[in-house]
Structures are given as C-alpha cells and as structure tokens.
Amino acid sequence: MNSSVKNVVCFVGFLVINSFLQSSADPTDGFTNVPLTEANFEIQRPYNVPLDERYSFENGIRKMWVYANDKPHSPNSETQPRTEVRIHGLDYTSGVWQFEGYGFVPNGTSGATVAQIHGAAHDSSTIILRIYNGDMRYYSGDVIATGMYDRWFKLNLIHDVEGGTVTVYIDDEQKFQTQDRGRSQFYFKCGVYAAPRDISYYMESRWRDIKIYKK
Ligand SMILES: *[C@@H]1O[C@H](CO)[C@@H](O)[C@H](O)[C@H]1NC(C)=O
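Residues numbered from 1 in each chain as written. Predicted model: local features only at pLDDT ≥ 70, side-chain atom pairs only at ≥ 80, totals over all residues. Heavy atoms only, no water.

> Describe the overall build of the protein, naming the residues involved and giving the relevant values.
In terms of regular secondary structure, the protein is built from one helix and 15 strands. Per-residue burial over the protein gives 49% buried out of 215 residues. Residue pairs in contact within the protein that sit at least 24 positions apart in sequence constitute 67% of those at least 6 positions apart. Carbon and sulfur atoms make up 49% of the accessible area of the protein, which totals about 10500 Å². (Helix = DSSP H or I, 4+ residues; strand = E, 2+ residues; numbered from the N terminus. Buried < 20%, exposed > 50% of the residue type's maximum accessible area, 1.4 Å probe, protein only. Contact = heavy atoms within 4.5 Å. Areas by Shrake-Rupley, 256 points an atom, 1.4 Å probe, with all protein chains shown as cover.)

> Run through the layout of surface pockets, naming residues and quoting values.
Its volume calculated, the largest pocket comes out at about 230 Å³. Counting residues per element, the ones that place at least two in the lining of the largest pocket are β11 (153-160), β12 (165-170) and β13 (173-179). Residue contributions to the lining of the largest pocket peak at four residues, all from β12. Of the residues assigned to the lining of the largest pocket, the class counts are seven nonpolar, five polar and three charged. What the second largest pocket holds in volume is close to 180 Å³. Looking at the lining of the second largest pocket element by element, the count peaks at three residues for strand β8 (residues 125-132). Class assignment of the residues belonging to the lining of the second largest pocket gives a composition of five nonpolar, six polar and four charged. (1 Å grid on protein atoms, 1.4 Å probe; cavity = no way out; pocket = protein on both sides within 12 Å on 5 of 7 lines; lining within 4 Å. Points joined across faces, edges and corners; volume = space filled by probe spheres on them. Nonpolar A, V, L, I, M, F, W, Y, C, P; charged D, E, K, R; others polar.)

> Which residues make up the environment of Gln-174, and what values go with them?
Residue position: Gln-174 is located in strand β13. Counting along the chain gives 17 residues from Gln-174 to Leu-157, while the straight-line C-alpha distance between them is 9.7 Å.

> Explain the nonpolar core to me, and be specific about the residues and the numbers.
The biggest cluster of nonpolar side chains holds 45 residues, and the ones touching the most others in it are Phe-99, Leu-129, Met-136, Leu-155, Val-168 and Trp-207. One finds Val-96, Ile-158, Tyr-169 and Tyr-213 within the second-largest nonpolar core, a separate group that totals five residues. (Core = buried A, V, L, I, M, F, W, Y, C linked by side-chain atoms within 4.5 Å.)

> Go over the packing of aromatic side chains, please, and point to the residues and values.
For any pair of aromatic rings, the description consists of the separation of the ring centres together with the inter-plane angle of the planes. Considering all chains together, one arrives at eleven aromatic pairs under this definition. Taking the centre distance of 5.3 Å and the plane angle of 45° together, the rings of Tyr-67 and Tyr-201 count as tilted. Taken together, the residues span a long stretch of sequence, with Tyr-67 in strand β4 (residues 61-67) and Tyr-201 in the loop between β14 (187-194) and β15 (202-214) at a distance of 134 residues. Aromatic pair Phe-153 and Trp-207: ring centres 5.9 Å apart, planes at 85°, arrangement edge-to-face. Of the two residues, Phe-153 sits in strand β11 while Trp-207 sits in strand β15, which places them 54 residues apart along the sequence. Chaining the aromatic ring pairs together yields one cluster made of Tyr-92, Trp-97, Phe-99, Phe-153, Phe-186, Phe-188 and Trp-207. Cation over ring: Arg-82 sits above Tyr-193, and NZ or CZ is 4.0 Å from the ring centre. Against the face of Trp-152 rests Arg-208, its NZ or CZ located 4.6 Å from the ring centre. (Phe/Tyr/Trp six-rings, centres within 6.5 Å; stacked < 30°, edge-to-face > 60°. Lys NZ or Arg CZ within 6 Å of the ring centre and 35° of its normal.)

> Could you give an account of the site of the ligand, with specific residues and numbers?
Around the ligand sit Asn-107, Asn-133 and Tyr-149, and those are all the residues in its vicinity. For the ligand, an oxygen atom lies 2.2 Å from a polar atom in the side chain of Asn-107. When isolated, the ligand has an accessible area of 360 Å², and the protein chains bury 26% of it. (Near = heavy atom within 4 Å. Polar contact = N/O pair within 3.5 Å; in protein donor to acceptor, adjacent residues only side chain to side chain.)

> I'd love a proper account of the pattern of salt bridges, names of residues and values included.
The tally for this structure, following the rule as stated, stands at 13 salt bridges. Residue Arg-54 is joined to Asp-70 by a salt bridge in which the shortest nitrogen-to-oxygen separation is 2.8 Å. Highlighted residues: Arg-54 in the loop between β2 (41-44) and β3 (55-58) and Asp-70 in the loop between β4 and β5 (82-87), separated in sequence by 16 residues. Judged by relative accessible area, Arg-54 falls into the buried class, the value being 9%. Between Arg-151 and Asp-171 there is a salt bridge; the shortest N-O distance is 3.0 Å. One end of the pair, Arg-151, is in the loop between β10 (143-145) and β11; the other, Asp-171, is in the loop between β12 and β13, and 20 residues separate them in sequence. Its relative accessible area of 37% is what places Asp-171 among the partly exposed residues. The structure contains a network of salt bridges with shared partners spanning Arg-82, Glu-84 and Lys-189. (Salt bridge = Lys/Arg side-chain N within 4 Å of Asp/Glu carboxyl O.)

> Describe in detail the environment of Ser-74, supporting the description with residues and values.
Within the secondary structure, Ser-74 sits in the loop between β4 and β5. For the pair formed by Ser-74 and Pro-46, sequence separation is 28 residues and the distance between their alpha carbons is 7.1 Å.

Structural data, given as structure tokens:
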C-alpha cells in the first residue's frame, strides 16, 4: 500500500470507531438532570372514569391503558382518547431538553402514541412516537424501530429548540433524527394516546425511571 491509501484506510477506520463510540455513548452525556417529584407527573385520562380504572403506579411502574371508544381527557376536547403522563411544571420554549424513560408495550396495542413532545408552531406536536404492529413510527410514517412488543426499551428523546431538531434514541442507539415543527411552548408526554385511525380496541404502555435532562 502506498502512503495515501494507508491514510485513507486509517481515516475510514477512525470514522468507524468514532461512529461506534458516538452511537454507544450515553445520550445524557453533557446534560444536567432536572429533579422530579410526583407533582411533575400530571395524569390525563378519559374525563368520565376514575383514575384507577386507567392508571396504576406500582413498584415504580406507571401503567396506562385506554379503550378505543373512551371519552377524551376533557369534556371540551374532541381529541382521541388518552391516558398519558403530562410532565408538568417543566414546559420549555428554548434550550436543549431530554426525556428518558423505560417503556413497555404489550403485543395487541396498535395505533397508540406512546411518547410525544407536545407543542409546535404549526401543529399540536413536535414529535409523536406511535406503535403499529410492533414497529415504532414517526407519526404514522417513517419506521424508527422494530420489534418493540413485550420488552422493556430505553427511550431518550432530545429536543434542541434553537437547532430545530429532535433525536430519538432506543436502547442508547440513535435511531432517528428530524426537524422539529417550529417554536412554541413544549412539554413531554408518555402513555397511550389513540391515533386517528387503525387503532386496537385496547391500548396500553408502561413506563418507569422517567427522567428529564437539559443543557
Ligand atoms: C403478537 O402476538 C400474536 C399472537 O401470539 C402473534 O401471532 C404476532 O406475531 C405477534 N405480533 C408481533 C408483531 O410480535
């Protein structure tokens, strides 16, 4: 090999190692943890049913479920049914924010948004992560990850407001990045929120070790 070929081989090797190190790095590196209390966890559920018929919190696991024919979370709302944690008291309009949590979606749940960043200039959300038949999709479009049923997965969702980007990590691997949908007031949610169509009758997700970080 002549020296310029060696240099190219060496450089490509460096890129491979570098991208390996980047993709396996902790997504929270460089972020500061924002301490949470139970007051930060507001639960939204069908307005006409008691909380314990759609939500439980045992052994650190928040289990949320909803039915396709449930009412919205408020009598004044015409949105689809949901049972969701709405991170309360940490709405943001600037900076870099991150949601971390371990999620579990049972096989049978389909057409449910399991995590989202609420708020956008041109829409009601910046990103929606939906489960369809075991795949996680960006809204009802691009597949972000597959094989999501019946296992705990780690989700890290990073929103860089000034940069206008959202990045999704599953099990510490970067799976997806996209532009956000313009500046607004934002907050994180997780649970189950029915998509407009193609939904299972029963929808459930479980969440534990939810953390919020910022830069
Ligand atoms: C869900 O469970 C059914 C019944 O056991 C199985 O046939 C199907 O392949 C599973 N779906 C996924 C996406 O794992």
